[in-house]
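Given next are the chains, with one letter for each unit.
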Amino acid sequence: MFSHLPHLHTGSDLHLYRAEILTLQKGDILGHEFMGEVDRVGSSVKSIRPGQRVVVSFQIACGKCSFCKQKLSSMCDRTSSSSLQEYMYGRRDAGFFGYSHFTGGFAGGQAEYVRVPFGEVNCLVVPDGVKDEQALYLSDVLPTSYHAVVDTGVKKGEVVGVWVRLG
Ligand SMILES: [Zn+2]
C-alpha cells in the first residue's frame, strides 16, 4: 500500500538527529507518523481502497500475534527483524516507520510515497468532513498526550501544568 502525505516533524525525530537511537544509516527515510491518500493496495487488502485518506501511526502491527490480539500493538513481535534490539532488550518491539534499523529499517513518511505493511491494520481511514490538519495528530501526538493524561489520573475539572523542555 502506498500513501502520500502531509507528515509531522516531531521531537522523536530529534532522537535520531542526536544519535540517541542507534543504526540510522545514510539514505534512510525518516518520518514515523504521517497521513496521506491511498494510491495502491495489495491483493489481500479488502477494506482500504485507493483514494481514501488514511492516518498511519508510527508502529507497524501485524494484527494477528498474541500482543496484537491484546491490543498491545507496539509490542507486535512479527514486524521487526532487529537483532540489535533483541540483543539489547531481550526481545523485539514492533517495527517503526522511519526510525532507523534499530526498529526494523522501514522507510518513513517524509517522502512522496511510503509502503504501509499490513495496511488494513495500520491505516485509519479519515472520514469525509475531517480536515487533514485535524486527523494528522491522530498518528501519534494526540494518542500519546491522551495516554499521558489517563496514566496520571487527571480528573475532569482538575488543573494541571505541563512543562516542556525545549532543546
Ligand atoms: Zn502483531
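Placed above this text is the structure.
Rules and cut-offs
Residues numbered from 1 in each chain as written. Predicted model: local features only at pLDDT ≥ 70, side-chain atom pairs only at ≥ 80, totals over all residues. Heavy atoms only, no water. Helix = DSSP H or I, 4+ residues; strand = E, 2+ residues; numbered from the N terminus. Buried < 20%, exposed > 50% of the residue type's maximum accessible area, 1.4 Å probe, protein only. Contact = heavy atoms within 4.5 Å. Areas by Shrake-Rupley, 256 points an atom, 1.4 Å probe, with all protein chains shown as cover. Lys, Arg positive; Asp, Glu negative; His and termini not counted. Charge placed at Lys NZ, Arg CZ, Asp CG, Glu CD. Donors = N, O, S within 2.8 Å, 3.2 Å for Na, K, Ca; no water. Tetrahedral: all angles 85-135°; square planar, octahedral: opposite > 155°, others 65-115°. Polar contact = N/O pair within 3.5 Å; in protein donor to acceptor, adjacent residues only side chain to side chain.

A. Main features of the overall build of the protein. From N to C terminus, the protein includes six helices and seven strands. Order of helices (α) and strands (β) in the protein, N terminus to C terminus: β-α-β-β-β-α-α-β-β-α-β-α-α. By principal-axis analysis of the C-alpha atoms, the protein measures approximately 50 × 45 × 35 Å. Looking at the 167 residues of the protein, the share that counts as buried comes to 34%. Of all intrachain contacts in the protein linking residues separated by at least 6 positions in sequence, the fraction that spans at least 24 positions is 61%. About 10600 Å² of surface is accessible on the protein, with carbon and sulfur atoms providing 56% of the total. For the protein, the distance from the average site of its 17 positive side-chain charges to the average site of its 17 negative ones is 5 Å.

B. Here's a closer look at the coordination of the zinc ion. Binding of the zinc ion to the protein goes through C62 (SG), C65 (SG), C68 (SG) and C76 (SG), at separations of 2.3 to 2.4 Å. Angles of 104 to 113° at the metal separate the four donor atoms of the zinc ion, which places the site in the tetrahedral class. Written as a sequence motif, the donor residues of the zinc ion are C-x2-C-x2-C-x7-C.

C. Quick look at the side chain of T103. With respect to the element layout, T103 can be found in the loop between strand 5 (95-96) and strand 6 (114-115). Classification of T103 by relative accessible area gives buried; the value is 3%. Here the side chain of T103 touches S100 through a polar contact of 3.3 Å, landing on its backbone oxygen.

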